[in-house]
Amino acid sequence: MKISLNWLRDFLVLHNTPTEIADILTSLGLEVEGFEEVKTSPADLDKVVTGLVTACEPIPDTDHLSATQVEVSDPAHPGQTRTLSIVCGAPNVAAGQKVFVALPGAHVFSKDGTLFTIAERKVRGVASQGMICAEDELGLGHDHSGIMVLPPAIPLGITAAEHFNISSDIVFEVGLTPNRADATNHLGVARDLLAYMRHHNNPHYSFKTPNVSGFSAGNQSSPLTIKVEKPEACPRYSGVCISGVQVKESPDWLKNRLLAVGIRPINNIVDVTNYVRAELGQPLHAFDRAAIAGNTVLVKTLPEGTPFQTLDEVERKLFADDLMICDGNSTPMCIGGVFGGAKSGVKDSTTAIFLESACFNPRSIRRSMLKHNLRTDAAWAFEKGVDPNGSVYALQRAALLILDLAGGSIDGPVTDLYPEHVRPAQIPAQYSRINMLIGEQLPKETVQNILQALNIGLEDATDTGFTAIIPTNKPDVTREADLVEEILRVYGLDTVPMPNTIRSSMEITPKPDSTAIRNQVSDVLAAQGFLEAMCLSLSDSSLYQGENAVLPFAEGTVVRVHNTANQGLDCLRPTLIPGILETVRHNQNRQNPDLRLFEFGKIYSRTPVADTPAPENRSTAGFTEVMRLGLCLTGAHSSESWHAPAKKSVDFFTLKTYVNQLLSRMGITGYQETALQNDGPFKMALRYHRGPQEIVTFGAVQAGLSKKFDVKNTVYFADFHFENMVKALSNIKIQYSELSRFPTVRRDLALVLDQAVSFGEIRQLANKTVKKALKDVNLFDVFEDESKIGQGKKSYAVSFVFEDFEKTLQDKEIDQWMQQLQTAFQSKLGAVIRS
């Protein structure tokens, strides 16, 4: 939200610097994210001063240049003048003229409309210490026929900004929180500043609000009939008719105010409605009365699918719960509080208007705004909550401005439909409770003065407490704690002293602590060069269901959401892979193809997952969310170097190394391995599991899936079931194990096997056959040659390492174990032992 400093000064006197005001607003809960100077003209009008041409002589050998002497005031010596030598090319320059002089360092416009900086230089050997300016060079018009000649009575030293009453402005960018409905406008922000100034500076700090005492309604009855058929969606509807208006361009002061806060000027009528919304926080809408059929305004809903052309000339289909402003024929003229219609708005030919000031239900506004994807300033204000008791005041303020800027007269009284008046909330408060929550003993007078400065009334005051009367523009203040927050943000959080004692409570942490494990895993991966990714939980359902699904999930298992803001994100992700692939593509398109990424995130489904622990698995009415950990590798294995010029790409075994290292670091062992092909997103994958409980599945992502996301390099992904990892850690006990005093023994076997037999089967069978002494099984060579070992065959060279912690192994024992292994391989895997 943009807030103008000049606008704030309409309400109260502020001598503070912009930085000081930014700090004050932030301390009041209106966080200033930044501020900037906004100028009416890009030219430096404050560096352009009035001067007197005392001499003017043509420069020899030129047909248009003149050497002038110009007297200007001397800023270093107030009251004194100095003479500048300036070369001027204007045909109308002459001695005795009062002119505008751009001093060195000023930015002015060139002939082609670009800004340039005035500097001292020589022209045809003559010193030029500034520039005598034409109208277009100051950005004040388009005339370049000659310099601006000023009236003789204008004193020296007046800046162009002072002469034309043009001042720059400071605009603050405020990050407004959703609860601050009272601060969506300049008056609300000014009230906060007033409370601060009265508490910290001067208790009698003055405050001025727009005066509407000059508003006078006509004696005749209103020319329009207004009916509200949906009072629950429109608790208050006010309006007034104005006739005899002239639609034209707004004056500069109004256009400059709107431009400063990012609002585009349109015409004087529409600009007034936008001005009052930014000033008072009440959105208004002006209708062309000629477009209101039957002289009747109906506030109602229309049947589903009714066509309506909005101001942007887009035809939209209405929803059954859209609150519409209609004419007497029930023809829609405006989506109430959201967006106007193309045919009922103010046009250049408009001479009579109906000015609307209403209070709409925030839920109704938000629903229509999101369904139609119309995020307007009015809808933003109504969504936060508009003061229903301020609508007529804003209406009168806007009507007076329109009469001043567009002429005309009030045509009948204000129509105000307000069946159920909103009363100020009453909150009982105790001084002891206020002081306990703040942490400091505040004097009763301080509490009372702060609340009164915030326009919060006090009733039933006693020595121990009072009843606070909350103005209706503060819908977020509903309880005593909210009242304390109002007091504290004005009193100042920084002024509350630090306590001398610290009170804490014991907390029993679950074992294992999933948060601690997550942090430990993150540290391990970050130390290995991985970067953490944080992807959206929302995804596109067409990836998972339908004819073109690239990651098919069973019908009904994907959790869909109604996302009107972005229809391409219409479900909760059932897997982490699409988000990771989008991240890879984003980096790839920015010349960063070599990636190591990890992400912790939940996946969602409508089928309960039975084997997830209760703290991490929240299932409601069939909806389940499960925490996963994803690892992604793509691109080069390592950066290019002089001693390794060829960039090797990562592969399946690179990923497997990281997976094994992570599981080993976490102490997770004793899992089985299952090889997979074309399993879901994976082309070839390996799954580690303990019975039915999956620990991790990892492999190369299907080429078609990568192509869908426009990812060029092969992507390797590991999908950890993080909750099962935590569950596996619950049974792990850390034990000390000394190094063996006895040597290990290694033996090798060459096995000829069918192509379908995996190394995982060999290792699993070996561990079952020799349970105690077998320390390690490793595949160190693969040989394939049909002419030597036959078709459909392969040769595995496998090493076996034996170890006994109690004695030195003898050849007889080792030969016996090797014989058992050979027999097992031959009988169960159909292996042939190569000698």
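Residues numbered from 1 in each chain as written. Predicted model: local features only at pLDDT ≥ 70, side-chain atom pairs only at ≥ 80, totals over all residues. Heavy atoms only, no water.

A. Up close: the overall build of the chain. In terms of regular secondary structure, the chain is built from 20 helices and 42 strands. Its C-alpha atoms give the chain a radius of gyration of 39 Å, more than 25% over the compact-globule value 28 Å for 835 residues. When the backbone C-alpha atoms are referred to their principal axes, the chain occupies close to 120 × 85 × 65 Å. Looking at the chain as a whole, 48% of its 835 residues qualify as buried. Long-range pairs, those at least 24 residues apart, make up 69% of the contacts in the chain with a sequence separation of at least 6. Per element, the accessible surface of the chain, about 42400 Å² overall, is 49% carbon and sulfur. When the 80 positive and 96 negative side-chain charges of the chain are each reduced to one mean point, those points stand 7 Å apart. (Helix = DSSP H or I, 4+ residues; strand = E, 2+ residues; numbered from the N terminus. Rg over C-alpha atoms; globule rule 2.2 N^0.38 Å. Buried < 20%, exposed > 50% of the residue type's maximum accessible area, 1.4 Å probe, protein only. Contact = heavy atoms within 4.5 Å. Areas by Shrake-Rupley, 256 points an atom, 1.4 Å probe, with all protein chains shown as cover. Lys, Arg positive; Asp, Glu negative; His and termini not counted. Charge placed at Lys NZ, Arg CZ, Asp CG, Glu CD.)

B. Representation of the sheet that holds strand β13 (residues 169-175) within the structure. Pairing is antiparallel across the open sheet formed by three strands, whose spatial order is β1-β13-β2. Two strands lie at the open edges of the sheet, namely β1 (2-4) and β2 (31-38), each paired on one side alone. Shown here is a sheet whose adjacent strand axes are inclined to one another by a mean of 25 degrees, direction ignored. Of the strand pairs in this sheet, β2 and β13 are connected by seven bridges, and their pairing is antiparallel. What sits directly across from Phe 35, in β13, is Phe 172. The strands touched by helix α2 (residues 18-27) within the sheet are β2 and β13, with β2 carrying the most contacts at an inclination of about 155 degrees. (Pairing = 2+ DSSP bridges. Axes fitted to C-alpha atoms, helices over the stretch in contact; angles between N-to-C directions.)

C. Structural context of helix α14 (residues 577-588). With 12 residues, α14 should cover 16 Å at 1.5 Å per step; its first-to-last C-alpha distance of 16 Å lies within 8% of that length. Every buried residue belonging to α14 is among Ile 577, Pro 578, Gly 579, Ile 580, Leu 581, Val 584, Asn 587 and Gln 588, and all of these are buried. Its buried side turned inward, α14 meets β32 (595-605), β34 (623-634), β37 (693-701), α16 (703-708) and β38 (715-721). (Expected span 1.5 Å × (residues − 1).)

D. Quick look at the packing of aromatic side chains. As enumerated under the stated definition, the model contains 19 aromatic pairs in all. With a centroid separation of 5.7 Å and 90 degrees between ring planes, the pair formed by Trp 253 and Tyr 275 is classed as edge-to-face. Of this pair, Trp 253 sits in helix α5 (residues 252-260) while Tyr 275 is found in helix α6 (residues 268-280), placing the two residues 22 residues apart along the sequence. Residue Trp 253 is classed as partly exposed on the basis of its relative accessible area, which comes to 39%. Owing to a relative accessible area of 3%, Tyr 275 belongs among the buried residues under this scheme. Seen in terms of ring centroids, Phe 360 and Phe 382 are 5.1 Å apart; in terms of plane orientation they differ by 75 degrees. Their pairing is edge-to-face. Here Phe 382 lies in helix α8 (residues 377-384) and Phe 360 lies in the loop between β23 (352-359) and α7 (362-372), a separation of 22 residues in the sequence. For Phe 360, a relative accessible area of 3% corresponds to the buried category. Through pairs of rings, three or more aromatic residues link up here, namely Phe 652, Phe 653, Tyr 671, Tyr 688 and Phe 698. The ring of Phe 780 has Arg 746 lying over it, and the distance from NZ or CZ to the ring centre is 5.1 Å. (Phe/Tyr/Trp six-rings, centres within 6.5 Å; stacked < 30°, edge-to-face > 60°. Lys NZ or Arg CZ within 6 Å of the ring centre and 35° of its normal.)

E. Spatial organisation of the pairing of strand β39 (residues 745-754). As judged from the 10 bridges shared by β39 and strand β41 (residues 793-802), these two strands associate in the antiparallel manner. Opposite Leu 751, over in β41, you have Tyr 796 as the bridge partner. Summarising the sheet, β39 and strand β42 (residues 832-834) pair through three bridges and their orientation is antiparallel. Among the inter-strand pairings, Ala 750 is bridged to a residue of β42, identified as Arg 834.

F. Summary view of the environment of Ala 320. Following the sequence through the fold, Ala 320 ends up in the loop between β19 (315-317) and β20 (323-326). Separated by 162 residues in the primary sequence, Ala 320 and Asp 482 place their C-alpha atoms 37 Å from one another.

G. Main features of helix α20 (residues 811-829). Helix length check: α20 (19 residues) gives 26 Å between terminal C-alpha atoms against 27 Å at 1.5 Å per residue, within 8%. Taken together, the buried positions of α20 are occupied by Ile 814, Trp 817, Met 818, Leu 821, Ala 824, Phe 825 and Leu 829. One face of α20 carries all of its buried residues, which in axial projection span an arc of 120 degrees. Looking at α20, the residues exposed on the side facing more than 90 degrees away from the buried face are Lys 812 and Ser 827. The elements touched by buried residues of α20 are β39, α18 (759-769) and β41. Positioned one or two residues after α20, Gly 830 has a phi angle of 65 degrees, which is positive. (Arc of directions from axis to C-beta.)

H. Representation of the nonpolar core in the model. Ranked by size, the top nonpolar core spans 82 residues in total, and within it Leu 14, Phe 172, Ile 269, Val 276, Ile 402 and Phe 466 carry the most contacts. Leaving out residues up to four positions away in the same chain, Phe 172 has contacts with Met 1, Lys 2, Ile 3, Leu 5, Pro 18, Ile 21, Ala 22, Val 32, Gly 34 and Phe 35. By size, the runner-up hydrophobic cluster in this structure holds 34 residues, among which are Leu 224, Cys 234, Leu 302 and Val 338. (Core = buried A, V, L, I, M, F, W, Y, C linked by side-chain atoms within 4.5 Å.)

I. Geometry of the state of the cysteines. Under the counting rule described, the total for this entry stands at zero disulfides. Counting only cysteine sulfurs, Cys 334 is the nearest neighbor of Cys 326, a cysteine outside any disulfide, at a range of 9.6 Å. No disulfide involves Cys 535; its nearest neighbouring cysteine sulfur is the one of Cys 632, lying 9.6 Å away. The class of Cys 535 is buried, set by a relative accessible area of 17%. (Disulfide = S-S within 2.5 Å.)

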